[in-house]
Amino acid sequence: MKKLAIAAAAMLSVSALNAAELTDITAADIQAVRIEAPVLAAQQDEAAKCGHVSGEISKLHFLANASRSQLISHAKTEAEFKEFIAMWTPILEKFGMRVVSTEYKTELGILKYESPDGKVVRRFLADGMNYDALSEEAMQKEQHMLVEALEKQHMTPVAAFRIKHEAFRPTFCVYYLTQADENADHEVQLRQMKHGDDIAFDLLANSVTLVEKDASFSMVYIGKLLGYKAKLAADEAAIQAKLEEYKKYLAENKKEFIGARVEKLDEPFTVGDHTYTYAVGMYFFQ
């Protein structure tokens, strides 16, 4: 736990998007617009036979955020949002979903859809992973690995796009289907844990599906949203008391405790009047 002094102060945060009721964009509007959308093609990879769409994105209004049963575009104009709709509507239809409304206001466009089986589209952005961004081969390998992992878990890949824009280092994103839940933290999603401290991978092995350990402090996994909390104490008795106290807090807030690791620090350190010699890292589901 080389970085527990920093990690002890870290908190996971989740932000929610609350969209207003906006004016619908008509089908005629969509058909009237001519766009330069990403070049899309059915993925022919021998190990990825689900037929997901692939291509390259260089304009960020095509890059959809996914929330609830909707795709969101940060389009600067209504015309850009129409381009977004024209790109994403056939992709959704390809995987059995139907667009039910489109709304735009103040640089925010929302495309709402429904599916017959309660599935929703979710996105994984690979920018936070550790890979050689200057190597096309390295990125292709990572993308293939993620798509294959989703297929093995019967989470249909919908699309995989390379992102080439100055806002990102060279990267990619993967869109896929999962079962919806009122609490998105409880959905089985492709996620990354990167909390600033070395991860106790063995404690999590039976709770989530590990896709890749891309660093000692980072892992890509499939499962519900993991949480992590680190605490420090002066001695072993005090750290055990803090562990039990936090487990009680998790139970009271209906969060599932997974496991914890108590360690004696290599070197004690002092902050003000307090000297710390023990640390605990605790894992749980949000």
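This text follows the structure it describes.
Parameters at a glance
Residues numbered from 1 in each chain as written. Predicted model: local features only at pLDDT ≥ 70, side-chain atom pairs only at ≥ 80, totals over all residues. Heavy atoms only, no water. Phe/Tyr/Trp six-rings, centres within 6.5 Å; stacked < 30°, edge-to-face > 60°. Helix = DSSP H or I, 4+ residues; strand = E, 2+ residues; numbered from the N terminus. Buried < 20%, exposed > 50% of the residue type's maximum accessible area, 1.4 Å probe, protein only. Pairing = 2+ DSSP bridges. Axes fitted to C-alpha atoms, helices over the stretch in contact; angles between N-to-C directions. Contact = heavy atoms within 4.5 Å.

*Asks:* Summarise the packing of aromatic side chains; cite the residues concerned and give the values.
*Replies:* Tallying each qualifying case throughout the model produces 11 aromatic pairs. Aromatic pair Trp 88 and Phe 161: ring centres 5.9 Å apart, planes at 90 degrees, arrangement edge-to-face. Here the residue Trp 88 occupies a position in helix H3 (residues 78-94), and Phe 161 occupies one in strand S9 (residues 157-163), the gap between them amounting to 73 residues. Their ring planes at 35 degrees and their centres at 5.3 Å tell us that Tyr 246 and Tyr 249 sit as a pair that is tilted. In this pair, Tyr 246 and Tyr 249 both sit in helix H6 (residues 236-252), three residues apart, roughly one turn of the helix. The exposure class of Tyr 246 is buried, given its relative accessible area of 12%.

*Asks:* Before we move on, could you go through the sheet that holds strand S13 (residues 218-223) and cite the residues and values that matter?
*Replies:* With respect to topology, three strands assemble into an open sheet ordered S11-S13-S12, the strand pairing being antiparallel. Every other strand in the sheet has two partners, leaving strand S11 (189-193) and strand S12 (209-215) as the edge strands with one partner each. The sheet shows a mean angle of 20 degrees between the axes of neighbouring strands, direction not considered. The pairing of S12 with S13 spans four bridges and is classified as antiparallel. Paired with Glu 212 across the two strands is Val 220, which belongs to S13. Here helix H4 (residues 136-152) sits on the sheet and contacts S11, S12 and S13; the angle it forms with S12, its principal contact strand, is near 165 degrees.

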